[in-house]
Amino acid sequence: MTPDPVPPARDSAPPPRRAAVPLTKEPEEPREPTEPGPPPHHTHPPNLTAGERGRGHRTHRPWSARRIPAALVASVILVAAVAALVDVVAVRAGRPAAAWRRHLTHALATRPVDDVWMLTGAAVAAAVGVWLIVLALTPGLRHWLPLRSPAPGLRALLDRDGTAALLRDAAMRVAGVSMARIRVRRHRVKARADVRFRDPQQVKDDLTAVLNEERDRLALARPPRIVVRVRQRTN
């Protein structure tokens, strides 16, 4: 009689112990990640604002490939080199020199330095040389506007037409503006708007504030100055 109640007591004891273990561990696990969770959210905004306001991460325009000028210069040099090489080979083969080379050699040997054609050729050659130097020292791609970057290795650009479209959409949201024309340059944005109702001065002030806000939202590396002109339209 005594050994019979002992085994049921041992069998019934483990289930409540096994069930109590996961119940105590499950509520503790979600509490641990929730406590260190808020600090990273509080640390991200200062880093982003510091990256946006810091001028060390201003991007620049990428350098253009200059394919068209390079192709033109290479074509001219190739044609001149091939023509001179063919004429030299012909002379070495016993044939007379080409008429253009004889005429060019005679003109260079007989014309004085102050001749009109000599000065014209020198001016053209100097202009072409200056043009090539400017192309080599400037990045080009003036139609693109660089944006601020949160990291030095990142680069972002915005097209001028896209910038003008965004500013035009913002201008059309101003009450009283019936039509807006936006022209974006590197250092200045010209905005012209037609006013159908309201005071033109109030519309101009609201339009200037809206365009400045939209320009700041674009995060341009060199924000251009905005010039607003409005005119009253009654017809």
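On a predicted model such as this, the values are computed, not experimentally measured, just so you know.

Draft legend 1. Representation of the overall build of the chain within the structure. Across its full length, the chain holds nine helices and five strands. In the chain, the succession of α and β elements from N to C terminus is α-α-α-α-α-α-α-β-β-α-β-β-α-β. Taking all 235 residues of the chain together, the buried fraction comes to 20%. The contacts of the chain with a sequence gap of at least 6 include a subset with a gap of at least 24, amounting to 58%. Looking at the chain as shown, the accessible area adds up to about 17400 Å², and 62% of this sits on carbon and sulfur atoms.

Draft legend 2. Structural context of the pairing of strand β5 (residues 225–232). In the sheet, strand β4 (residues 188–195) pairs with β5 via eight bridges, with the strands oriented parallel. Pairing of Arg-188 across the sheet is with Arg-225, part of β5.

Draft legend 3. Focus on the environment of Leu-141. For Leu-141, the location among the structural elements is in the loop between α7 (116–137) and β1 (144–146). Judged by its relative accessible area of 33%, Leu-141 falls in the partly exposed class. The sequence separation of Leu-141 and Ala-65 amounts to 76 residues, and the corresponding C-alpha distance is 9.4 Å. Leu-141 has contacts with Arg-61, Pro-62, Trp-63 and Ser-64, leaving out every residue within four places of it along the chain.

Draft legend 4. Structural detail: the pattern of salt bridges. One pass over the structure, following the stated rule, counts eight salt bridges. Arg-181 serves as the salt-bridge partner of Asp-194, at 3.9 Å between the closest nitrogen and oxygen. With Asp-194 in strand β4 and Arg-181 in strand β3 (residues 177–184), the pair connects residues that are 13 residues apart, well separated along the chain. Judged by relative accessible area, which is 3%, Asp-194 ranks as buried. Several salt bridges share partner residues, and in doing so they unite Arg-173, Glu-214 and Arg-217 into one network.

Draft legend 5. Focus on the packing of helix α8 (residues 160–172) against helix α9 (residues 200–217). At a minimum axis distance of 9 Å, the contact between α8 and α9 shows a crossing angle of 145 degrees. The handedness of the crossing between α8 and α9 is right-handed. Facing α8, whose interface residues are Leu-166, Leu-167, Ala-170 and Ala-171, α9 presents Leu-207, Val-210, Leu-211, Glu-214 and Arg-215. In the contact of α8 with α9, the residues fall into seven nonpolar, no polar and two charged.

Draft legend 6. Focus on the side chain of Thr-163. Its location among the elements puts Thr-163 in helix α8. By relative accessible area, which is 2% here, Thr-163 ends up buried. When near neighbours in sequence (up to four residues on either side) are disregarded, Thr-163 contacts Leu-145, Leu-158, Val-184 and Leu-218.

Draft legend 7. Unusual backbone geometry, seen in detail. Even without a glycine there, the phi angle at Arg-66 is positive, about 55 degrees. Structurally, Arg-66 can be placed in the loop between α4 (38–53) and α5 (67–92). Judged by its relative accessible area of 22%, Arg-66 falls in the partly exposed class. Backbone geometry places Arg-198, a non-glycine residue, at a positive phi of 75 degrees. Structurally, Arg-198 is set in the loop between β4 and α9.

Reading guide: rules and limits
Residues numbered from 1 in each chain as written. Predicted model: local features only at pLDDT ≥ 70, side-chain atom pairs only at ≥ 80, totals over all residues. Heavy atoms only, no water. Helix = DSSP H or I, 4+ residues; strand = E, 2+ residues; numbered from the N terminus. Buried < 20%, exposed > 50% of the residue type's maximum accessible area, 1.4 Å probe, protein only. Contact = heavy atoms within 4.5 Å. Areas by Shrake-Rupley, 256 points an atom, 1.4 Å probe, with all protein chains shown as cover. Pairing = 2+ DSSP bridges. Salt bridge = Lys/Arg side-chain N within 4 Å of Asp/Glu carboxyl O. Axes fitted to C-alpha atoms, helices over the stretch in contact; angles between N-to-C directions. Left-handed = near helix turned anticlockwise from the far one by under 90°. Nonpolar A, V, L, I, M, F, W, Y, C, P; charged D, E, K, R; others polar.

The values are spatial; any link to function lies outside them.
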